[in-house]
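Summary of structural features
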Amino acid sequence: MAAVWLEAMEHAVSLARTAGTLVREAVQRDMKVMMKSCSVDLVTQTDQKVEQLIVKSVKEKFPTHSFIGEESVAAGEPCVLSDAPTWIVDPVDGTTNFVHGFPFVAVSIGFAVNKQLLFGVVYSCMDDRMFSALRGGGAFCDHQPLRVSDQTDIHQSIVATEFGSCRDPDVVDKIFSSMKRILSLPVHGIRGVGTAALNLCLVASGSVEAYYEIGVHCWDYAAGALIVEEAGGVLMDVDGGPLDLMSRRVLAANCRSIAEQLVQQIQIFSPERDDADTESGAARDLKFH
Ligand code: IPD
Ligand code: CA
């Protein structure tokens, strides 16, 4: 691994820790909550402030690198994954949790070169745990190696998933239908902590056997995906094809057989891809409430 990528990863870890401190401090204060695509897609000034801090620091230290960040894209920046070294950042993953004081919030920083993830850093802000993985170097939580569960029987598994922020009735029906089918296999349980990044870290830690979601964004799952892979897990699209970072669909599991059994149960839908409008749109209106 080139020294410059290791340096970038060390920088990501340090930025995630600084960002996490800002998030923890902000939870104590009143916050102004704004809406993005709909009334349940929330953003706060902390999301924006943390992303600005990360962008500024990355641009100063690695001026040739590209950047995809949730709040930059919301403000009209293009969402393009080129072959250039690219930072893929969610400053606050679990914004709804953050707004409500539900204690699962993460800073997620993925890094790809030639469209391949090279490192992933997920900082769990509320319990001060740093998850990280470097391609080929394993996955760790606070320097302890991570390993996925060795369970191979889906009936003895916990599956994590989320309801997401789309309230289109057809989509909601499909989400519930998938959950009903999986629950009825049966599995031991269905869980979800309200952040894609931490759901992926739960797969990497062996606490759940699998996680899937349709409607997430690349910044939600880039870092966590590599952490799962480096912990010995498998990644795929919810239709069983290869994982696509721009497709907004992810399935991560401890083993291929559990992943493939989930593919049989998941009701597929296809949200607009993250790179659908790469020309850069006008900044979306932010509504206050
Ligand atoms: C959300 C979280 C949530 C998932 C949503 C994501 P955000 O990210 O990861 O768990 O269900 O699909 O958009 O908006 O809190 O960064
Ligand atoms: Ca976010």
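Placed above this text is the structure.
Residues numbered from 1 in each chain as written. Chains lettered and ligands numbered in written order. Predicted model: local features only at pLDDT ≥ 70, side-chain atom pairs only at ≥ 80, totals over all residues. Heavy atoms only, no water.

Secondary structure summary: the protein contains 8 helices and 15 strands in total. Relative to the compact-globule value of 19 Å for 289 residues, the protein shows a C-alpha radius of gyration of 18 Å, a close match. In the protein, which comprises 289 residues, the share counted as buried stands at 53%. When contacts within the protein are restricted to residue pairs at least 6 apart in sequence, those whose partners lie at least 24 apart make up 66%. (Helix = DSSP H or I, 4+ residues; strand = E, 2+ residues; numbered from the N terminus. Rg over C-alpha atoms; globule rule 2.2 N^0.38 Å. Buried < 20%, exposed > 50% of the residue type's maximum accessible area, 1.4 Å probe, protein only. Contact = heavy atoms within 4.5 Å.)

Another aspect to go through is the packing of aromatic side chains. Summed over the entire model, instances satisfying the criterion amount to 7 aromatic pairs. Judged by centre distance (5.5 Å) and plane angle (50°), the ring pair of phenylalanine 102 and phenylalanine 104 falls under tilted. On the basis of relative accessible area, phenylalanine 102 is assigned to the partly exposed category, the value being 43%. Ring pairs connect the aromatic residues Trp5, Phe62, Trp87, Phe111 and Phe119, which therefore count as one cluster. (Phe/Tyr/Trp six-rings, centres within 6.5 Å; stacked < 30°, edge-to-face > 60°.)

Take the site of ligand 1 next. Taken together, 14 residues are adjacent to ligand 1, and Asp90, Asp93, Gly94, Thr95 and Glu213 come closest. Between an oxygen atom of ligand 1 and a main-chain N or O atom of threonine 95, the distance comes to 2.8 Å. Aspartate 220 is positioned such that a nitrogen or oxygen atom in its side chain is 3.2 Å from an oxygen atom of ligand 1. In isolation ligand 1 exposes 380 Å². Once the protein is present, 88% of that is buried. The dominant element in the shell around ligand 1, judged by the number of residues it contributes, is strand E4 (residues 86-93), at 3 residues. Each residue belonging to the shell around ligand 1 can be placed in one class, and the counts come to 3 nonpolar, 5 polar and 6 charged. (Near = heavy atom within 4 Å. Polar contact = N/O pair within 3.5 Å; in protein donor to acceptor, adjacent residues only side chain to side chain. Areas by Shrake-Rupley, 256 points an atom, 1.4 Å probe, with all protein chains shown as cover. Nonpolar A, V, L, I, M, F, W, Y, C, P; charged D, E, K, R; others polar.)

What follows is about the sheet that holds strand E7 (residues 129-134). Strands sit in the order E3-E4-E5-E6-E7-E8-E9 across an open sheet of 7 strands; the sheet is mixed. Bordering the open sheet on either side are strand E3 (66-69) and strand E9 (144-145), each of which pairs with just one other strand. Where E4 lies against strand E5 (residues 106-113), 6 bridges are found, and the strand directions are antiparallel. Within E5, the residue paired with aspartate 90 across the bridge is serine 108. Across the face of the sheet, helix H1 (residues 3-27) comes into contact with E4, E5, strand E6 (116-124) and E7 while running at roughly 25° to E6. Against the sheet, helix H7 (residues 218-230) touches E3, E4, E5, E6, E7 and strand E8 (139-141), its axis set at about 100° to E6. (Pairing = 2+ DSSP bridges. Axes fitted to C-alpha atoms, helices over the stretch in contact; angles between N-to-C directions.)

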